Amino acid sequence: MDDWIDYYDSTHTIYVSKLHRDVHFEAIARDIIGYIASTDSVVLDYACGEALSAERVADACGRLILAEPAPGVRGRLVARFAPNTKIRVRSLDELRHMDEKSVDLAVMNSVAQYMTPDELDTAFAIVGRLLKPAGQLVLGDILQPNVGMSGDVIALLRFAAKHGFVKDALWGLARTALSDYRQLRNRIGLQRYSEADMLAKLKAAGFTASRAPDNIGHNPSRMTFVARHAFDRARGSDTAR
Ligand SMILES: C[S@@+](CC[C@H](N)C(=O)[O-])C[C@H]1O[C@@H](n2cnc3c(N)ncnc32)[C@H](O)[C@@H]1O
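Rules behind the numbers
Residues numbered from 1 in each chain as written. Predicted model: local features only at pLDDT ≥ 70, side-chain atom pairs only at ≥ 80, totals over all residues. Helix = DSSP H or I, 4+ residues; strand = E, 2+ residues; numbered from the N terminus. Buried ≥ 20, exposed ≤ 12 C-beta atoms within 10 Å, placed from the backbone. Contact = placed C-beta atoms within 7 Å. Pairing = 2+ DSSP bridges. Expected span 1.5 Å × (residues − 1). Near = placed C-beta within 6 Å. Nonpolar A, V, L, I, M, F, W, Y, C, P; charged D, E, K, R; others polar. Core = buried A, V, L, I, M, F, W, Y, C linked by C-beta atoms within 7 Å. Axes fitted to C-alpha atoms, helices over the stretch in contact; angles between N-to-C directions. Parallel < 35°, antiparallel > 145°, perpendicular 65-115°, else oblique.

Brief notes about the overall build of the protein chain
Check the secondary structure of the protein chain and you find 11 helices and seven strands. With the principal axes as the frame, the protein chain shows a C-alpha extent of 55 × 45 × 35 Å. In the protein chain, which comprises 241 residues, the share counted as buried stands at 36%. Counting only contacts in the protein chain whose residues sit at least 6 apart along the sequence, the fraction spanning at least 24 positions is 67%.

Here we look at the pairing of strand β7 (residues 223–229)
Across a regular strand the side chains alternate sides, sitting on one face of the sheet and then on the other. Counting buried positions along β7 yields six of seven residues, so the element is predominantly enclosed. Pairing of strand β5 (residues 131–142) with β7 involves four bridges; the strand directions are antiparallel. Bridge pairing in β7 links L137 to A227. Summarising the sheet, strand β6 (residues 207–211) and β7 pair through five bridges and their orientation is antiparallel. Bridge pairing links A209 to A227 in β7.

Topic: unusual backbone geometry
In this structure, A51 takes a positive phi of about 45° despite not being glycine. As for its placement among the helices and strands, A51 is situated in the loop between β1 (42–46) and α3 (54–59). Given 25 C-beta atoms within 10 Å, A51 falls into the buried group. Of note, D141 is a non-glycine position whose phi angle comes to about 65°, a positive value. Within the element layout of this structure, D141 appears in strand β5.

Looking at helix α2 (residues 18–34)
With 17 residues, α2 ought to run about 24 Å at 1.5 Å a step, and its terminal C-alpha atoms sit 25 Å apart, in line with that. Among the residues making up α2, those that are buried are V23, H24, F25, I28, A29, D31 and I32. Of the surrounding secondary structure, the elements contacted by the buried residues of α2 are β1, α3, β4 (103–109) and α7 (149–163).

Focus on the site of the ligand
The immediate surroundings of the ligand are formed by 16 residues, with W4, Y8, G49, N109 and Y114 found nearest. Considering only residue class, the shell around the ligand consists of 11 nonpolar, three polar and two charged.

With respect to the nonpolar core
By size, the foremost hydrophobic cluster in this structure holds 57 residues, and its most contacted members are Y46, L64, L66, A106 and M108. If sequence neighbours within four positions are ignored, Y46 has contacts with A67, A106, V107, M108, V111, A123 and V127. Of all hydrophobic cores here, the second largest spans five residues; its members include V16, L156, A160 and A169.

Quick look at the environment of A112
Summarising the element assignment, A112 is placed in the loop between β4 and α6 (117–130). In sequence terms A112 and D180 are 68 residues apart; their C-alpha atoms lie 19 Å from each other. Excluding residues that lie within four positions of it along the chain, A112 makes contacts with L120, L139, I142 and Q191.

Quick notes on the sheet that holds β7
Read across the sheet, seven strands follow the order β3-β2-β1-β4-β5-β7-β6 without closing on themselves; strand pairing throughout is mixed. Each edge of the sheet is formed by a strand with only one pairing partner; in this case those strands are β3 (87–90) and β6. Recorded for the sheet is a direction-independent mean angle of 20° between the axes of neighbouring strands. Strand direction decides the pairing type here: β1 and β4, joined by three bridges, are parallel. Across the sheet, L44 pairs through a bridge with A106, a residue of β4. In the packing of helix α4 (residues 71–81) onto the sheet, the strands contacted are β2 (63–67) and β3, and the crossing angle to β3 comes to about 165°.

A few points about the packing of α7 against helix α8 (residues 166–177)
Across the interface, α7 lies against α8 with an axial gap of 8 Å and an inter-helix angle of 155°. As the angle between them shows, α7 and α8 are arranged roughly antiparallel. In this structure, α7 uses V153, L156, L157, A160 and A161 to contact α8, whose residues at the interface are V166, A169 and L173.

The analysis is restricted to geometry; functional conclusions fall outside its scope.
Here it is as structure tokens:
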């Protein structure tokens, strides 16, 4: 296991049960839909993972591009969503060849922690090129420097209590303690940003951004940011939605 992309391409145990995985992706889809401005919108889900509820997102927009670096995951996405003509599956490299200014909403949820700061800058540049002038980037599930693994454990147990999988969650936490995830988390670590640092990083990448009141998904100890091209605001041509 070299890196987080290999990890996500493996038969990992990040979801403690099928129910956990299903309700996770339902919650993410619901929150992404909340950011879709129009049924014509072109939506990009950057590093989407298994995206099990992608059809619900596709129903709420004009086209959904699912971009995923892990080849095995991508293969399953292609097979799962082949019948849905609104959904396209792409590698991250393929995004570089898409038309510029073609995307209304780009979502990067629970991805930045697995990237080096330079990789995240590259991702911002790729997304920035794809976004329409009034498009939005929603960057979710950003880990803060002062919140340790206990914040994740509490959020998981609360989510489990709400959806009825506490026993599986406890077994899952025990498994995680012995797993590749724990080893990778200790060896490579997860990238963390304070609110000010992420706002500065987005600004340096050409965005104006603010922190959203709620994080995408179930973990309130993590942060979501909403960003737009800074130059449009300066020109006064930004149509806030
Ligand atoms: C926790 S999953 C998030 C999936 C989905 N966005 C969600 O919210 O459930 C992390 C995703 O990041 C991807 N990933 C891991 N390391 C990455 C990297 N260095 N660059 C880009 N994507 C990466 C994985 O392949 C996986 O799809």
